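Geometric and topological summary
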Amino acid sequence: MKVIIINGPNLNLLGKREPSIYGSESFEDYFNYLKEKFPSIDLDYFQSNVEGELINKLQEVGFTYNGILLNAAAYTHTSIGIGDAVKAITTPVIEVHISNTMAREEFRHQSYISPNASGVILGFGLKSYELALQSFLL
Ligand code: DQA
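Counting restarts for each chain, with residues numbered from 1 along the sequence as it is written. Reporting in this predicted model follows two pLDDT cut-offs: at least 70 for local features of residues, and 80 or more for side-chain atom pairs to be given and counted; totals over whole chains, interfaces and linings ignore these cut-offs and use all residues. Where side-chain values are given, they derive from all heavy atoms of the structure, hydrogens and water being excluded.

Attention shifts here to the side chain of S79. A run of H or I in DSSP counts as a helix once it spans at least four residues, and a run of E counts as a strand once it spans at least two, with each numbered from the N terminus. Within the element layout of this structure, S79 appears in the loop between β3 (67-71) and α4 (80-88). Counting of polar contacts relies on pairs of N or O atoms within 3.5 Å, with two restrictions inside protein: one atom must be capable of donating a hydrogen and the other of accepting it, and residues adjacent in sequence are counted only when both atoms are side-chain atoms. Here I82 takes part through its backbone nitrogen, which lies 2.9 Å from a polar atom of the side chain of S79. Once residues within four sequence positions are removed from consideration, S79 is found in contact with E51 and Y112. By the convention used here, residues are in contact when the closest approach between their heavy atoms is within 4.5 Å.

Laid out in structure tokens, this is it:
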């Protein structure tokens, strides 16, 4: 089973960025933990701060992979292009957020991903990714 985690802007700064909201662990360390925890899943990781690169990656993997965990970060709330890409591809996309976006500023309540996601997991810290991955094994 092939699954990719796609992270959007500023998530390369996890561990350093607003640790009270996003925690103090880097995503690279957490990704290594996930690979060990889910040996039956062939897990890839891609991060970009550039909207078009996220769309290119969704198109590249979105007809062959078994699953995508997408944390589009701030683009979640602004990007019709990423929302359209999620709609266009056939691989199921789970929208993931570290923080509970619904408990934060109102502009974070809007998502262009959710209408076409197969599920949404938010608010569990980095564990949100783990919970999303588990859904592929149920
Ligand atoms: C985020 C929530 C977004 O609102 C924010 O812009 C991010 C991270 C999260 O994982 O909690 O960069 O997607």
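And the narrative resumes.
Note on placement: E130 falls in helix α5 (residues 127-134). Under the scheme applied here, a residue whose accessible area is under 20% of the maximum for its type counts as buried, over 50% as exposed, and between as partly exposed, the area being computed with a 1.4 Å probe on protein chains only. For E130, a relative accessible area of 7% gives the class buried. Among all residues touching E130, those that are not within four sequence positions of it are Y30, Y33, L34, K37 and F38.

This brings us to the sheet that holds strand β5 (residues 119-122). A strand pair is defined by DSSP finding two or more bridges across the two strands. Spatially, five strands are ordered β2-β1-β3-β4-β5 in an open sheet, and the strand pairing comes out parallel. If you trace the sheet from one side to the other, it starts and ends with β2 (42-47) and β5, each paired once. Strand-to-strand twist across the sheet, computed as the mean angle between neighbouring axes with direction ignored, equals 20°. One ladder, built from three bridges, connects β3 with strand β4 (residues 93-97); its direction is parallel. Bridging across to β4, I68 finds its partner in V93. The strands touched by helix α3 (residues 51-61) within the sheet are β1 (2-7), β2 and β3, with β1 carrying the most contacts at an inclination of about 170°. Helix axes use the C-alpha atoms of the stretch in contact, all axes being lines fitted to C-alpha atoms, and the angles between their N-to-C directions lie in the range 0 to 180 degrees.

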